[in-house]
Amino acid sequence: MIPGLGLFAIDPGELVAARSQMAFTLGFHIILACLGVGLPSLVLVANAIGLRRRDPVALLLARRWSLVMAVTFAVGAVTGTVLSFEMGLLWPVLMGRFGGAFGIPFAIEGLFFFLEAIFIAIYIYGWERLSPRAHLVSGIPVALAGLGGTFSVIAANSWMNQPAGFILGPDGRVAAVDALAVIFNRATWYEVPHMLLAAYRVTGFLLASVYARGLLRGQRDRYVRLGFAIPFVIAAIAAPIQVVVGDVAARAVFEDQPAKFAAMELITRSGPNQPVTIGGVLVGDDVVGGLAIPNLGSVLAGFNPDTRITGFDEIPIDQRPPATIVHLAWDTMVGIGTALVVLGLWGLMLRLRRRDHATARWFLRASALAGIGAIVALESGWIVTEVGRQPWVVYLVLRTADAVSQSGAIRITFAAVIGLYAVLGIATLVILRTMTRRWAAADVAAGGRDTSDGDALRDDRVPYGPRDVR
């Protein structure tokens, strides 16, 4: 959640520093959160393929991906802990007044976190200690805990967009709470599936992009082909579904948060027959530049060109989000999301035409960029969600400027957080790079990753699965 980019509080510097710190840490952590949802599922798919088909290549992929999963989970645990502390340190009024309601989803997320940590350990160490079936089953709670944890956190964010399930006492603090109403608020039903699909899309395309680069370099053995195919197929399935869910979510925003919707589509004057503007910026009360498609905004909002959309002329100046930022982020998310759907259809077309993906170089080039594109779309989506809610940290209840800490030390903590995250980011990349080099060396020592009968990967000294992958 980014309580930020709203109007200035008493100390503008403190608010800017708090907003920037929250945006920076969440922007970093959200990528790891996506991997925490997507990687366990990809590992299970590869593991299941390996067992069902007695395929040592699929098992090798599953085992290596499970180690990547463990690394990203550990780093995500650190960055997530920092975020938890920031909520209280940066936004004490939010937590003090609404912690009784807002904290419920976070408490549930903590339970899922510990469950995931336990079963990740069991799964990693179970490669050489459990039967094949028991080991595969031990990975299921990892995937379910990742889903549950993400649901809980997004439910908390949804509550910030559509607060419900609480009664304020005379002192302005939460006096009574309906836990189910807090968790299942009006925004939960569309924010949660949209985020989960984004997680599968980001993880799938990011992992596929690694193997796409391998294919471009001429590494066309079955290990690289399967390593590309599994995550690409999952991401390609998630991409169009996410577009549909995103369209439904945008329509809900139109109903529930008219100021955010006006910023998304740069609607300056209320009325029917509103266009969709691609690009462009808001200067004063006028849209400058961009391509306007007549009537499409009203059609998308209400399936009718006569649908009336609220513009900024009916929204008080002190309740308007920064429209240009929200609009450009919206365009970026929609544009990249559409491109990723086209990429998935491109891959399907190659499959139907029985063309070898490994020889379709322009397709592979696009796939190699898809991982970065998916991350950019993810970050853009969060900008739309959080910046579009401003100037409210709790929509129509508590302003961001009124929630920020006035401790005077936020600039110092922001600098410390940047240093910590820089170390974490560099360490993560070094660890993953070291792991891939060791795997490459193990492949050479084993005589390759792929043979016609899989003998190069078979090892009878362990219950199942290749041993030399660490």
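Only a predicted model underlies this, so the values are computations on that prediction, with no experimental measurement involved.

The rules we used
Residues numbered from 1 in each chain as written. Predicted model: local features only at pLDDT ≥ 70, side-chain atom pairs only at ≥ 80, totals over all residues. Heavy atoms only, no water. Helix = DSSP H or I, 4+ residues; strand = E, 2+ residues; numbered from the N terminus. Rg over C-alpha atoms; globule rule 2.2 N^0.38 Å. Buried < 20%, exposed > 50% of the residue type's maximum accessible area, 1.4 Å probe, protein only. Contact = heavy atoms within 4.5 Å. Salt bridge = Lys/Arg side-chain N within 4 Å of Asp/Glu carboxyl O. Polar contact = N/O pair within 3.5 Å; in protein donor to acceptor, adjacent residues only side chain to side chain. Core = buried A, V, L, I, M, F, W, Y, C linked by side-chain atoms within 4.5 Å. Expected span 1.5 Å × (residues − 1). Bend = angle between axes of the 7 residues up to and from the residue. Axes fitted to C-alpha atoms, helices over the stretch in contact; angles between N-to-C directions. Parallel < 35°, antiparallel > 145°, perpendicular 65-115°, else oblique. Left-handed = near helix turned anticlockwise from the far one by under 90°. Nonpolar A, V, L, I, M, F, W, Y, C, P; charged D, E, K, R; others polar. Pairing = 2+ DSSP bridges.

Draft legend 1. Region of interest: the overall build of the protein chain. Within the protein chain, the secondary structure is distributed over 13 helices and eight strands. By the compact-globule yardstick of 23 Å for 470 residues, the protein chain fits well, its C-alpha radius of gyration being 24 Å. Projected onto the principal axes, the alpha-carbon positions of the protein chain cover approximately 70 × 50 × 40 Å. Here the protein chain, with 470 residues, has 52% of them falling under the buried criterion. Within the protein chain, contacts between residues separated by at least 24 positions form 76% of all contacts whose residues are at least 6 apart in sequence.

Draft legend 2. A look at the pattern of salt bridges. In this structure the tally under the stated criterion is eleven salt bridges. One salt bridge in this structure joins arginine 411 and glutamate 14, with 2.7 Å as the shortest N-O distance. Of this pair, arginine 411 sits in helix α13 (residues 410–445) while glutamate 14 sits in helix α1 (residues 12–53), placing them 397 residues apart in sequence. Relative accessible area serves as the criterion here: at 45%, arginine 411 is assigned to the partly exposed category. The salt bridge partner of arginine 63 is glutamate 128, with a shortest N-O separation of 2.7 Å. One end of the pair, arginine 63, is in helix α2 (residues 56–90); the other, glutamate 128, is in the loop between α3 (92–126) and α4 (132–161), with 65 residues separating them in the sequence. According to the relative accessible area criterion, arginine 63 is buried, its value standing at 4%.

Draft legend 3. View of the side chain of glutamine 390. As for its placement among the helices and strands, glutamine 390 is situated in the loop between α11 (361–387) and β7 (392–394). Its relative accessible area of 1% is what places glutamine 390 among the buried residues. A polar contact is formed between the side chain of glutamine 390 and the backbone oxygen of glutamate 386, at a distance of 3.0 Å.

Draft legend 4. Inspection of the nonpolar core at higher detail. With 96 residues, the main nonpolar core has Trp65, Trp91, Leu94 and Phe205 as its most contacted residues. Ranked by residues supplied to this core, first place goes to α2 with 16 residues.

Draft legend 5. Geometry of α3. Taking 1.5 Å as the rise per residue, α3 with 35 residues should run 51 Å; its terminal C-alpha atoms sit only 43 Å apart, a clear shortfall. Where α3 bends most, at glycine 99, the angle is about 95°. For α3, the full list of buried residues reads Leu94, Phe98, Ala101, Phe102, Pro105, Gly110, Glu116, Ile120, Tyr123, Ile124 and Gly126.

Draft legend 6. How the structure looks around the environment of arginine 269. The residue arginine 269 is located in the loop between α8 (258–265) and β3 (276–278) in this model. Its relative accessible area of 48% is what places arginine 269 among the partly exposed residues. Sequence separation of arginine 269 and glycine 311 is 42 residues, and the distance between their C-alpha atoms is 4.5 Å. Leave out the neighbours within four places in its chain, and arginine 269 touches Gln274, Asp285, Asp286, Gly311 and Asp313. There is a polar contact of 3.4 Å between the side chain of arginine 269 and the side chain of aspartate 286.

Draft legend 7. Spotlight on the packing of helix α6 (residues 188–216) against helix α7 (residues 222–256). Relative orientation of the contacting elements α6 and α7 amounts to 150°, with a least axis distance of 6 Å. As judged from the angle between their axes, α6 and α7 are roughly antiparallel. For the element pair α6 and α7, the recorded crossing hand is left-handed. A per-class count over the contact of α6 with α7 returns 28 nonpolar, six polar and two charged.

Draft legend 8. Layout of the pairing of strand β2 (residues 174–177). With three bridges joining them, strand β1 (residues 166–168) and β2 adopt antiparallel strand pairing. Bridge assignment links phenylalanine 166 to a residue of β2, and that residue is valine 177. If you look at the hairpin formed by β1 and β2, you'll find five residues sitting between the two strands, and glycine 172 has a positive phi there, around 85°.

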